[in-house]
There are 2 protein chains.
Amino acid sequence: MAAKDIYHDTVITALEKDGWTITDDPLTLKIGRRTAMIDLGAEKLIAAQREQQKIAVEIKSFLSPSPLKDLENALGQFIVYARVLDRQDPDRLLYLAIKNSVFKNIFSEEIGQLLLETTELRLIIFDAKMEEIIQWIP
Amino acid sequence: MAAKDIYHDTVITALEKDGWTITDDPLTLKIGRRTAMIDLGAEKLIAAQREQQKIAVEIKSFLSPSPLKDLENALGQFIVYARVLDRQDPDRLLYLAIKNSVFKNIFSEEIGQLLLETTELRLIIFDAKMEEIIQWIP
């Protein structure tokens with residue numbers, strides 16, 4: 001089993017403050033003989049639409065010496081999980097959760113902007129100290 | 001500078017046997033303040049079309065204990081490089097070079113097939129012993 005990200009509990013708290021109920025910790029997906037584990041599954045009742053919104057959340061710290069390598073690896077994991085979810089749980093939207101300082105660093109540079117514009121990457125940006133969600137992209 | 005893949009010279013030989021001229025080793029791309037280095041750039045004259053075909057080749061060994069993690073990381077690197085090439089050198093097609101045994105393993109499983117069907121991933125499959133290209137996908 002993969003080690004939990006250092007912001008695991010922070011993101012749970014931030015999601016709960018935002019009205020989400022954590023339903024899976026982790027969310028396990030089987031594809032053929034492989035098992036992929038996404039950090040969290042969560043649900044929220046959208047009252048206006050009277051429907052349950054479902055998300056999957058993968059948390060990434062970007063702690064390696066190379067932010068570009070971290071970005072490549074996070075994107076690869078995102079695309080693999082997104083494709084498996086498309087097939088197995090198509091109503092659930094996948095998000096990558098990163099803290100504000102990571103967003104202000106690599107994701108605000110040309111390479112990060114390029115990937116946000118040209119891939120399906122979706123972000124939850126959180127404030128680690130306040131334990132709150134700052135922004136959803138898109 | 002990143003370490004060269006153990007099949008670096010093997011893939012050069014296989015491409016040359018297939019009529020390609022290695023033009024870049026590595027192929028360096030700049031995006032903002034980041035530098036990405038793709039293992040090889042190569043060109044081939046397609047006589048019938050009287051034009052130069054250009055490729056970029058990233059070589060991956062899949063040597064880690066987790067083929068799924070290797071696949072995620074290789075896919076992430078591929079998508080990042082492909083997006084940068086789209087913008088900076090749109091006539092050059094990017095390929096991921098893997099040996100035959102890797103293709104027969106993770107890429108022949110459900111997860112590998114799913115990614116080949118639903119992403120832009122392009123593969124060069126080589127025989128490491130013969131130092132020859134076996135297949136281009138697609």
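Being a predicted model, the structure only gives us computed values, none of them experimental.

Thresholds, definitions, all that
Residues numbered from 1 in each chain as written. Chains lettered and ligands numbered in written order. Predicted model: local features only at pLDDT ≥ 70, side-chain atom pairs only at ≥ 80, totals over all residues. Pairing = 2+ DSSP bridges. Helix = DSSP H or I, 4+ residues; strand = E, 2+ residues; numbered from the N terminus. Axes fitted to C-alpha atoms, helices over the stretch in contact; angles between N-to-C directions. Buried ≥ 20, exposed ≤ 12 C-beta atoms within 10 Å, placed from the backbone. Arc of directions from axis to C-beta. Contact = placed C-beta atoms within 7 Å. Parallel < 35°, antiparallel > 145°, perpendicular 65-115°, else oblique. Nonpolar A, V, L, I, M, F, W, Y, C, P; charged D, E, K, R; others polar.

## Considerations on the sheet that holds strand β6 (residues 92-99) of chain B
Residue and element names in this part refer to chain B. Across the sheet, 6 strands lie side by side as β1-β4-β5-β6-β7-β8; this open sheet has mixed pairing. In this open sheet, the two edge strands, each paired with only one partner strand, are β1 (21-24) and β8 (132-137). Averaged over neighbouring strand pairs, the angle between their axes works out to 35° when direction is ignored. Examined bridge by bridge, strand β5 (residues 51-59) and β6 share 6 bridges and lie parallel to one another. Bridge pairing in β6 links K54 to R92.

## Brief notes about the pairing of strand β8 (residues 132-137) of chain A
Remark: a regular strand shows side chains that alternate across the two faces of the sheet. Residues and elements named next belong to chain A. Where strand β7 (residues 123-127) lies against β8, 5 bridges are found, and the strand directions are antiparallel. Paired with I124 across the bridge in β8 is W136. Between β7 and β8, which pair antiparallel one after the other, the connecting turn spans 4 residues, and E131 there sits at a positive phi close to 55°.

## Observations concerning helix α4 (residues 110-118) of chain A
Within α4 of chain A, burial applies to I111, G112 and L115 of chain A. Looking straight down α4 of chain A, one finds that the buried residues subtend no more than 100° of arc, so they occupy a single side. Considering only its buried residues, α4 of chain A is in contact with α2 (67-88) of chain A together with β2 (27-31), β3 (34-38) and α2 (67-88) of chain B.

## Let's talk about the packing of α2 of chain A against helix α4 (residues 110-118) of chain B
With their axes 10 Å apart at the nearest point, α2 of chain A and α4 of chain B run at an angle of 95° to one another. With respect to α4 of chain B, the element α2 of chain A is oriented roughly perpendicular. Counted together, V80, R83 and R87 of chain A of α2 of chain A and L114, L115 and T118 of chain B of α4 of chain B form the full contact between these two elements. Residue composition of the contact of α2 of chain A with α4 of chain B, by class: 3 nonpolar, 1 polar and 2 charged.

## A short note on the environment of G112 of chain A
Residues and elements named next belong to chain A. Within the secondary structure, G112 sits in helix α4. When the 23 C-beta atoms within 10 Å are taken as the criterion, G112 is described as buried. When the C-alpha positions of G112 and E131 are compared, they lie 24 Å apart, and in sequence the two are 19 residues distant. Those residues in contact with G112, other than ones at most four positions away along the chain, are L71, I106 and F107.

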